[in-house]
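Summary of structural features
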Amino acid sequence: MRMTLRLLVIALLFCVHVSYGQSPPNLTANIAWSSGTASTADVEAAFNNARATEETQLGLAAGTISTMSLPAGWAAMSDNAKALWILNDERTSRAGIDYPGDGFGAVKGLPLQDTEMHLNDITQSHAEWLMDKNTTGHTGACGHSPFTRIDNHPVIGKDIFGSTDCHEFMARGENIAYFWTSGSSIAFPIERSFYNWIYNDAGSAWGHREACLLQDLDLSGNAWGYNDNYGPMGS
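What you see is a predicted model; the values in this text were computed from it and never measured.

Things to note about the overall build of the protein chain
Summing up its helical and strand segments, the protein chain has six helices and two strands in all. Taken from N to C terminus, the helices and strands of the protein chain fall in the order β-α-α-α-α-β-α-α. Counting every atom, the protein chain has about 11,500 Å² of accessible surface; 55% of that belongs to carbon and sulfur.

Set out below in C-alpha cells:
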C-alpha cells in the first residue's frame, strides 16, 4: 500500500534590525510531545510541558514563560489562522524575558502581523509539487531553492542586483513539516509542526526554532532580525 504523504510548508521573510532584542536561546535537548492527540487539551498540555521544561533547561524561574490556552472555536479556525496564532503565542509568551548568560538583553516578543498572501502562494505551490512528486526537501520545481522561488515571484521578487522592492533582505528561511499516514487524516498537523520546530529540533541544529522565534538580533547578537517598519505599532 502506498503511503500518503501529507505536508505543510511555511516560508518566513526576515528583515534587518531597528532596535536590539535577543532571540530566545536554543534548548539543550529535545522535548518530546508529552501528551496525546485526542483533544485541544492534549495540545495545550504538550506545549505547556515543553515551556516548563525549557525553563528548567535554560535556568529560568518556573512560570517565566506564560502558559498556552487555545482560543474557543479552535477547531473551526483556518490552518493559516492556527499557524499565526501559535507562532505569535510562542513569541509573545517570551516577551521581556532576559535569558541568563548571553548578554543580549530581553526578548521583545513582538507578534507577527499577518500571513503574506504571495508567500502563501509560493509555499502552497511548493507543497503541491512535493506531494505530486512524492518527495521531500527545500529544492523544488526546476531545481529552485526557497530563495529562488521568492526572488522569481513577480510581485515580491528581488533580483541579485537588489532591484524591485516589495521585501527587504536579511535572511530568509523555509520551515517544512512532513507527516506520513496510511489513513485519511492526521491529528493536529499545524500544532505538531510548530511544536517540533520549536521544541524538538536538535536534529536540525535548532534552525527551525530560530526561524520561528527570531527577534531583532540572532543568537550571536548579529543584526539579522526583523525591521519593525511596517504595519501597526507593536507587531
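After presenting the structure, the write-up continues.
Some details on the pattern of salt bridges
In total, this model carries seven salt bridges according to the counting rule given. Salt-bridge contacts for glutamate 90 lead to arginine 94; the nearest nitrogen and oxygen are separated by 2.7 Å. Here glutamate 90 matches arginine 94 in class, with each residue buried. Several salt bridges converge on common partners, so that one network encompasses Arg51, Glu54, Asp89, Glu90, Arg94 and Arg209.

Observations regarding the nonpolar core
Counting residues in hydrophobic clusters, the biggest one holds 35 residues, and the most contacted among them are Phe47, Ile86, Tyr99, Phe194, Tyr195, Tyr199 and Cys212. Contributing elements (two or more residues each) for this core: α1 (40-57), α2 (79-92), β2 (171-181), α5 (189-199) and α6 (207-213).

Here we look at the packing of α2 against α5
Where α2 contacts α5, the two axes come as close as 9 Å, and the packing angle between them is 30°. As judged from the angle between their axes, α2 and α5 are roughly parallel. Seen from above, α2 lies across α5 with right-handed handedness. Counted together, Asp79, Lys82, Ala83, Ile86, Leu87 and Glu90 of α2 and Ile190, Glu191, Phe194, Ile198 and Tyr199 of α5 form the full contact between these two elements. By residue class, the composition of the contact of α2 with α5 is seven nonpolar, no polar and four charged.

Looking at the environment of serine 34
Mapped onto the secondary structure, serine 34 falls in the loop between β1 (4-14) and α1. What makes serine 34 partly exposed here is its relative accessible area of 43%. Each C-alpha atom of the pair serine 34 and alanine 46 lies 5.2 Å from the other, and the pair is twelve residues apart in sequence. Those residues in contact with serine 34 that lie beyond four places of it in its chain are Ala45, Ala46 and Asn49.

Observations concerning α1
The end-to-end C-alpha distance of α1, which contains 18 residues, comes to 26 Å, matching closely the 26 Å that a straight helix rising 1.5 Å per residue would cover. Regarding α1, the residues found buried are Asp42, Val43, Ala46, Phe47, Ala50, Arg51, Glu54 and Glu55. Contact partners of the buried residues in α1: α2, α5 and α6. Backbone geometry just downstream of α1 places glycine 59 in the positive-phi region, at approximately 75°.

Thoughts on the side chain of glutamine 22
As for its position among the elements, glutamine 22 is in the loop between β1 and α1. Each residue touching glutamine 22, except ones within four places of it in the same chain, is listed here: Ile97, Asp98, Tyr99, Asp102, Phe104, Gly105, Ala106, Val107, Gln215 and Leu217.

Some words on the packing of aromatic side chains
Tallied over the entire structure, the rule returns seven aromatic pairs. Their ring planes at 70° and their centres at 5.0 Å tell us that tryptophan 33 and tyrosine 195 sit as a pair that is edge-to-face. With tryptophan 33 in the loop between β1 and α1 and tyrosine 195 in helix α5, the pair connects residues that are 162 residues apart, well separated along the chain. Tryptophan 33 sits in the partly exposed class, given a relative accessible area of 21%. Residue class for tyrosine 195 comes out buried when judged on its relative accessible area of 0%. An angle of 80° between the planes, with centres 6.2 Å apart, marks the rings of phenylalanine 47 and tyrosine 199 as edge-to-face. Here tyrosine 199 lies in helix α5 and phenylalanine 47 lies in helix α1, a separation of 152 residues in the sequence. Each member of the pair, phenylalanine 47 together with tyrosine 199, is buried.

What about the environment of alanine 106?
Its place among the elements puts alanine 106 in the loop between α2 and α3 (117-133). With 83 residues separating them along the chain, alanine 106 and serine 23 place their C-alpha atoms 8.6 Å apart.

Remarks on the side chain of aspartate 201
In this fold, aspartate 201 is placed in the loop between α5 and α6. Although buried, aspartate 201 forms no salt bridge, and the nearest oppositely charged side chain, arginine 209, lies 7.8 Å from it. Ignoring sequence-local partners within four residues, the contact set of aspartate 201 consists of Asn30, Asn196, Trp206, Gly207, His208 and Arg209.

Let's talk about α2
The terminal C-alpha atoms of α2 lie 20 Å apart, and with 14 residues this matches the ideal 20 Å at 1.5 Å per residue to within 8%. Buried within α2 we find Lys82, Ala83, Leu84, Ile86, Leu87, Asn88, Asp89, Glu90 and Arg91.

The rules behind each value
- Residues numbered from 1 in each chain as written.
- Predicted model: local features only at pLDDT ≥ 70, side-chain atom pairs only at ≥ 80, totals over all residues.
- Heavy atoms only, no water.
- Helix = DSSP H or I, 4+ residues; strand = E, 2+ residues; numbered from the N terminus.
- Areas by Shrake-Rupley, 256 points an atom, 1.4 Å probe, with all protein chains shown as cover.
- Salt bridge = Lys/Arg side-chain N within 4 Å of Asp/Glu carboxyl O.
- Buried < 20%, exposed > 50% of the residue type's maximum accessible area, 1.4 Å probe, protein only.
- Core = buried A, V, L, I, M, F, W, Y, C linked by side-chain atoms within 4.5 Å.
- Axes fitted to C-alpha atoms, helices over the stretch in contact; angles between N-to-C directions.
- Parallel < 35°, antiparallel > 145°, perpendicular 65-115°, else oblique.
- Left-handed = near helix turned anticlockwise from the far one by under 90°.
- Contact = heavy atoms within 4.5 Å.
- Nonpolar A, V, L, I, M, F, W, Y, C, P; charged D, E, K, R; others polar.
- Expected span 1.5 Å × (residues − 1).
- Phe/Tyr/Trp six-rings, centres within 6.5 Å; stacked < 30°, edge-to-face > 60°.
- Lys, Arg positive; Asp, Glu negative; His and termini not counted.

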